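Notes for the structure review
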There are 2 protein chains.
Amino acid sequence: MGDNKMAIVDTDIHERAQYSDIVDRLDEPFRHYIENCHWMQEKHMPYTQPTVAGVDRADAVLLDGRPAGSDLEFMREQLLDDIGHDIGILTGALDPSPSSMHGWYEMATALASAYNDWQIENWLERDKRLYGSVHIAAQDRDEAIKEIERVGSHPKMIQVLLPIDDIMWGDPYYHPIFEAAEEHNLMIGMHHNEPPVYYGKWPRYFIEWHTLIPTAHMKQITSMMFNGVFEKFPNLGLMMIEGGYTFIPHLMWKMDQQYRDLRHEVPWLTRKPSEIMKDQVRFTTQPAEELTKQEFYSLIEQMGTDEMLCFSTDYPHWDYDSPHRALPRVDETLKHKIFAENARNFYSKLPKAEDK
Amino acid sequence: MGDNKMAIVDTDIHERAQYSDIVDRLDEPFRHYIENCHWMQEKHMPYTQPTVAGVDRADAVLLDGRPAGSDLEFMREQLLDDIGHDIGILTGALDPSPSSMHGWYEMATALASAYNDWQIENWLERDKRLYGSVHIAAQDRDEAIKEIERVGSHPKMIQVLLPIDDIMWGDPYYHPIFEAAEEHNLMIGMHHNEPPVYYGKWPRYFIEWHTLIPTAHMKQITSMMFNGVFEKFPNLGLMMIEGGYTFIPHLMWKMDQQYRDLRHEVPWLTRKPSEIMKDQVRFTTQPAEELTKQEFYSLIEQMGTDEMLCFSTDYPHWDYDSPHRALPRVDETLKHKIFAENARNFYSKLPKAEDK
């Protein structure tokens, strides 16, 4: 299966820590709580919505029962070596994200730090191909900034990861986090965490909320855009992870239309939102909607740029996209951009192709 | 300005009742409450988000101070005669919609009935061109069905109007309403009522929530689709009003993808969602995103049908679309479909062109 001639930068791989990986890195009282209280169990099925397809590829679960994504050797064998990755970007499988914890922010901050150290030691420093994400507990903003300062200069940390749930990331309260990220040449990676509940109500079926994930992504881009984050931090980029990409032309047209009509409300926004998106927002491709080649090209043309899409597998999740099958066959130049160059150009800390 | 050679079916005109128009039609104790308690004021600015552009066209407000959309003679002069409408479909300006009232459902039901009578007497029976919407208080389902049975057979009532807010319309609790609508040859018209608040939180700016209105529309189509409403009621159609149309290809692709992956969760769905949408879902065009002719054609091609879009002005709102300027110039056949035939074909009770 491996095709070594095809350059691949995979922008979304979910490595997973077990709590046993993290617990030794925690100080008291957090350690005691993790060891004794089984607190995470409350968050899981059947109290949340059943994911009818499960979460992980069945063949990615380890033979000894450890969860998918928890072992580097197995990930190498099944993904990196088999596919022939040049670069894989780890986005974590923190459930919930530290930024989504509603209480005891100190615990959230401690977990984020422990996770980052575990990630660096066991993944980033053990495989040349892997790059990582700084996890933070953004609700405790000043501690989150300290964490960015603590690990953000690591040469293989390339983005700060934020969850998509009930925080509106454009809110000025969070701007110092973006400032710290920009100072460390880190981009923002954003990934949904909870389903997009509207008006506090969950949809009736998993297929409904899985269909609506892109709407939560639109919500965050809109929040960042109209609150002026991109113009305030011109070197900051936003990677929207795992929301697909077919909504991009719609969102560009809609924001431009609204900007023409209502820009007096947001005078700090001095350029058309679509232009800002082209410069500063990127999208991982998984879960790739299944388009014909013609539909795919017309979509790229509607975007007005072929530099926004960055291939991702979403390994080891159940709806993993294979680089050989997920996207329609496009010409070599476009293929190379989507599968490698767009991500290399976006993440300023990634090696360029000639450095390989 | 009038161009009488161009057939126009306008699928979204907001006539507005003042409470003085309604109060005489209410029984006690509802009448007393409306007359004495000024209850509606609680819902209005500044307690809700300021609409930075206002709500109505300044030139649509009457000289005597009555609100825009409240007078048939003035609407004729400014809209129907000036533009040369063949048909105008009234969608109301109930704020909030009776279905959105969170308490005292009997009051909501009484208001809907009074409004429907006022609409029939003062609009539908006074202008040949105008067709109307049955307003209901759907939260009191059985009373809502009685109201559909009471006025739904009126020859000029063509749809049941539902608001888009915190009700998920695919929920089986509401299916008897769809059954009653189908029995009366009424379609469902759906119009947003509150902003799309995610996780209970309002966006910071009006431009944000106005940008995100389409996401609330996507949410309802998804709910109706995966809860099986369209297959259960094959003669029922859904008109999505005032959400624009550039998100349609995205939603079709996304639902089809999810259907392929997760259809075992919703076994009652036996066809691809995109095919069902082509048959049973339509979209009014306003607020039309400003596309080039080429972008517009590529979007239609992505939809796979030119029968989904139905022109609307949204008169008398501030972002009114003129039939002469809102859409790019397209060929005569497509123009005729969008401006008239698609709506005539969708609403089974509308006269066909030759009946004019």
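This report concerns the structure included in the present document. (Residues numbered from 1 in each chain as written. Chains lettered and ligands numbered in written order. Predicted model: local features only at pLDDT ≥ 70, side-chain atom pairs only at ≥ 80, totals over all residues. Heavy atoms only, no water.)

A closer look at the side chain of Thr 285 of chain B
Residue and element names in this part refer to chain B. Basically, it comes down to this: A helix here means a DSSP run of H or I that spans at least four residues, while a strand means a run of E at least two residues long, and both kinds are numbered starting from the N terminus. Burial here depends on accessible area, computed with a 1.4 Å probe over protein chains only, as a share of the maximum for the residue type. Under 20% is buried, over 50% is exposed, and the range in between is partly exposed. By definition in these notes, contact holds between two residues if any of their heavy atoms fall within 4.5 Å.
Along the chain, Thr 285 turns up in the loop between β7 (281-284) and α12 (293-303). Using a relative accessible area of 1% as the deciding quantity, one classes Thr 285 as buried. Once you skip the residues sitting within four places of it in the chain, Thr 285 turns out to touch Gly 244, Tyr 245, Leu 309, Cys 310, Phe 311, Ser 312, Asp 321, Leu 327 and Ile 338.

What about the relation of the copies chain B and chain A?
Just so we agree on the cut-off: To superpose the copies, least squares is applied to the C-alpha atoms of every residue with a pLDDT of at least 70 in both.
Note on the identical chains: chain B maps onto chain A by a rotation of 180° and an axial translation of 0.0 Å, with an RMSD of 0.0 Å. Within this description, the copies of the chain are treated as partners about a two-fold rotation axis. Most of the interface of chain B is mirrored in chain A: 100% of its interface residues are interface residues there too.

Remarks on helix α5 (residues 141-151) of chain B
Definition in use: In this description, one arc is meant: the one made by directions from the helix axis to the C-beta atoms.
Looking only at α5 of chain B, the buried set comprises Arg 141, Ala 144, Ile 145, Glu 147, Ile 148 and Val 151 of chain B. Projection of α5 of chain B onto a plane perpendicular to its axis shows the buried side chains occupying an angular sector of 155°, all on one side.

A word on the sheet that holds β7 of chain B
Residues and elements named next belong to chain B. To keep things clear, this is the line we draw: When DSSP finds at least two bridges between two strands, those strands are taken to pair.
Spatially, β1-β2-β3-β4-β5-β6-β7-β8 is the arrangement adopted by the eight strands of the open sheet, whose pairing is parallel. Bordering the open sheet on either side are β1 (9-13) and β8 (309-310), each of which pairs with just one other strand. As defined by bridge partners, strand β5 (residues 187-192) adjoins strand β6 (residues 238-241) across four bridges and the pair is classed as parallel. Bridging across to β6, His 191 finds its partner in Ile 241.

As for the pairing of strand β2 (residues 87-90) of chain B
Residue and element names in this part refer to chain B. By the alternation rule, side chains of β2 split into Ile 87 and Ile 89 and Gly 88 and Leu 90, which are all buried. As paired strands, β1 and β2 are joined by three bridges and run parallel to one another. Looking at β2, one finds that Val 9 is bridged to Ile 87.

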